[in-house]
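# Residue-level structure breakdown
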Amino acid sequence: MSQPHRERTATIIVIGAGQAGLSAGYHLSRNGYLDARTNPDAERTYVVFDANPAPGGAWQHRWESLHMATVNGIFDLPGLAKPAIDPAEPSRTAIPRYFADYEQRMGLAIERPVRVSRVSYADTDPEGDLLVETDAGTWRTRAIINATGTWDNPHQPHYPGQDTFAGRQLHTRDYVSLEEFAGKRVGIVGGGISALQQLEEISRVAEVYWYTRREPEFRGEFRSEIEGRETIAKVTADAEAGNAPRSVVSYTGLGWAPYAIAARDRGVLNRRPMFTAIRPHGVREADGSFTELDVILWATGFRAALDHLQPLHLTNERGGIAVRGTQAAADPRIHLIGFGPSQSTVGANRAGRDAVRTLTRRFDHATDHAPDRTPVPAGRAG
Ligand SMILES: Cc1cc2nc3c(=O)[nH]c(=O)nc-3n(C[C@H](O)[C@H](O)[C@H](O)COP(=O)(O)OP(=O)(O)OC[C@H]3O[C@@H](n4cnc5c(N)ncnc54)[C@H](O)[C@@H]3O)c2cc1C
């Protein structure tokens, strides 16, 4: 019979090793936190659990045609600039290579593949420990920094008759390359950047039909720093209010990037309102007519992958989690990074740093104010 896993401890557990988790790991290491696996008795320790089998976070799963030239721009990880990368290289190989080098050079305490299935309170003490259950055993910790991204939680809306569709349905997450759509009639659902990129690509080899709930808003190419700051302020206000997260494009609109211009010039930016029902061989359009389709591509985005935090009851009735900076408003032991306003490579970097700073201050304060347990010399008592 196999031995049950021993319960181990770390002062802080980081969940996820994408851009956000690596930033947290870097700042923990720089602030003197030691690898909990090899220094179990040290005063401050950490470990990062990552469900992926290899470095790279979600980048290792992006579709092949998402090249370094077509991504929006990937910020360097803290402390190590990206090497020169051929713009034609797929981001799914270039970024994981950079992350792997980073992890090794920084000597980060990352354990993979380890999936966290459940985080819960060890007891009812609001200052007490948390239990982190993983497929490699249970750990006890004083705080978690959650950096699980969105890739593991694709958003899939439901429409009447969806299960009866005889053609192929797939989500952006499962898109490989345009060749598989050659000669087909493809309905593409979604108004975000991925939808637009995949619409442009697929339209080179297939007949495409583009469906969005709202009329897509295109804005000029120029994005001033002020507009960027205003957008972050709006996303931050929503996150602090505990509103359900929205896509970045719902705040910024779509830009006239080269792929958008190419799609417009090829005459395929013909948005249709959402269909009302799905039938075995196509969809019922909003105007009642019928369009035959072979494929429906759901380019409908992603949501934060937070199922493992459910036992903490952080989510409100609107489906959001209120935060103050990176900290869950309801519990200072829980930090969410790569979440809300930090859902970008630059945001993830800063959030990793901020979460470590906030938690370290909290631990320092607790140490400073801990009751003095030094034995009182005889004769001075009372
Ligand atoms: C198609 C696409 C393109 C994008 N392009 C850009 C861009 O060009 N520039 C930009 O700034 N941003 C871009 N973004 C946003 C991007 O996702 C973030 O900027 C950033 O890369 C996300 O990093 P992350 O660390 O939050 O998450 P991820 O990279 O998703 O990493 C999360 C990690 O957590 C792990 N994990 C998840 N659940 C668990 C669990 N329960 N237990 C253990 N581990 C777990 C996962 O395995 C993964 O390794 C893009 C997003 C998408 C979807």
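Of all the 5 residues making up strand 6 (residues 130-134), 4 are buried; the element is thus mostly covered by neighbouring parts of the structure. Of the strand pairs in this sheet, strand 5 (residues 116-121) and strand 6 are connected by 5 bridges, and their pairing is antiparallel. Note on strand 6: the bridge partner recorded for V119 is V132. In the sheet, strand 6 pairs with strand 7 (residues 137-146) via 5 bridges, with the strands oriented antiparallel.

Time to look at the packing of helix 1 (residues 19-30) against helix 7 (residues 345-368). At their nearest, the axes of helix 1 and helix 7 sit 8 Å apart, and the two run at 35° to each other. Relative to helix 7, the crossing made by helix 1 is right-handed. Residues Q19, A20, S23, A24, H27 and L28 of helix 1 touch helix 7, and the partners they reach there are T345, A348, N349, G352, R353 and V356.

Attention shifts here to the pattern of salt bridges. With the rule as written, the count across this model stands at 24 salt bridges. In this structure, K82 engages D76 in a salt bridge whose closest nitrogen and oxygen atoms are separated by 2.9 Å. Overall, D76 belongs to the partly exposed group, its relative accessible area being 31%. Of the charged contacts in the structure, one is a salt bridge between D152 and R173, with a shortest N-O distance of 3.4 Å. Remark: R173 occurs in the loop between strand 8 (168-171) and strand 9 (185-189) and D152 occurs in the loop between strand 7 and strand 8; sequence separation between them is 21 residues. For D152, a relative accessible area of 40% puts it in the partly exposed group. Taking the relative accessible area as the measure of exposure, R173 reaches 29% and is therefore partly exposed. It is possible to trace a salt-bridge network through shared partners that takes in D35, R37 and E111.

This part is about unusual backbone geometry. With omega at -10°, the peptide bond leading from R112 into P113 counts as cis. Looking at the element boundaries, P113 is found in the loop between strand 4 (110-111) and strand 5. In this structure, H313 takes a positive phi of about 55° despite not being glycine.

This part is about the domain arrangement of the protein chain. Domain annotation of the protein chain identifies domain 1 (8-152 + 303-368) and domain 2 (162-217 + 253-298). Between domain 1 and domain 2, the residue contacts involve 8 residues of the former and 9 residues of the latter. Carbon and sulfur atoms make up 47% of the area that domain 1 and domain 2 hide from each other, which totals about 760 Å². The interface formed by domain 1 and domain 2 contains 1 salt bridge. If you look at where domain 1 meets domain 2, you find 4 residue pairs in polar contact (both at pLDDT 80 or more). Partitioned by chemical class, the residues of the side of domain 1 that touches domain 2 number 3 nonpolar, 3 polar and 2 charged.

Once that is clear, we can look at the site of the ligand. Surveying the vicinity of the ligand reveals 31 residues, the closest of which are D50, N72, G73, V116 and T345. Q19 places a main-chain nitrogen or oxygen 3.0 Å from an oxygen atom of the ligand. Starting from 990 Å² of accessible surface for the ligand in isolation, the protein chains cover 89%. For the shell around the ligand, the per-class residue count stands at 13 nonpolar, 14 polar and 4 charged.

Let us now look at the sheet that holds strand 15 (residues 282-284). Taken together, the 3 strands give an open sheet; going across it, the order is 14-15-16, and neighbouring strands pair in antiparallel fashion. Single-partner strands in this sheet number two, and they are strand 14 (277-279) and strand 16 (290-292). Across this sheet, the average inter-strand angle for adjacent strands is 25°, counted without regard to direction. Of the pairings in the sheet, the one linking strand 14 to strand 15 comprises 3 bridges and is antiparallel in character. Of the residues in strand 15, the one forming a bridge with I278 is V283.

About the thresholds
- All chains use their own residue numbering, which begins from 1 and follows the written sequence.
- pLDDT decides what is reported in this predicted model: residues at 70 or higher carry local features, side-chain atom pairs at 80 or more are listed and counted, and totals for whole chains, interfaces and linings draw on all residues regardless.
- Values reported for side chains reflect all heavy atoms of the structure, with hydrogen atoms and water molecules removed beforehand.
- Partly exposed describes any residue whose relative accessible area lies between the buried limit of under 20% and the exposed limit of over 50%, with all areas from a 1.4 Å probe on protein chains only and scaled to the type maximum.
- Secondary structure elements are taken from DSSP: a helix is a run of H or I of four residues or more, a strand is a run of E of two residues or more, and numbering for both begins at the N terminus.
- The rule for pairing is simple: two strands pair if DSSP sees at least two bridges between them.
- Angles shown run from 0 to 180 degrees and are taken between the N-to-C directions of axes, each axis being a line fitted to C-alpha atoms and, for helices, limited to the stretch in contact.
- It is the rotation of the near helix from the far one that decides the hand of a crossing: anticlockwise by less than a right angle makes it left-handed, clockwise makes it right-handed.
- Residue contacts are defined here by distance: any two heavy atoms, one from each residue, within 4.5 Å place the two residues in contact.
- For this analysis, a salt bridge means a side-chain nitrogen from Lys or Arg found within 4 Å of a carboxyl oxygen belonging to Asp or Glu.
- Throughout, the edges of the domains are those of an automatic or database domain assignment.
- The buried area of a pairing is the accessible area, by a 1.4 Å probe, that goes missing from both parts when the two are put together, added over both.
- What qualifies as a polar contact is a pair of N or O atoms within 3.5 Å, subject to a donor-acceptor requirement within protein and to the restriction that residues adjacent in sequence count only when both atoms come from side chains.
- The residue classification treats Ala, Val, Leu, Ile, Met, Phe, Trp, Tyr, Cys and Pro as nonpolar and Asp, Glu, Lys and Arg as charged. All others, Gly included, are polar.
- Proximity criterion: a residue is near a molecule or strand once any of its heavy atoms comes within 4 Å of it.
- What sets the accessible areas is the Shrake-Rupley method with a 1.4 Å probe; for residues, cover comes only from the shown protein chains.

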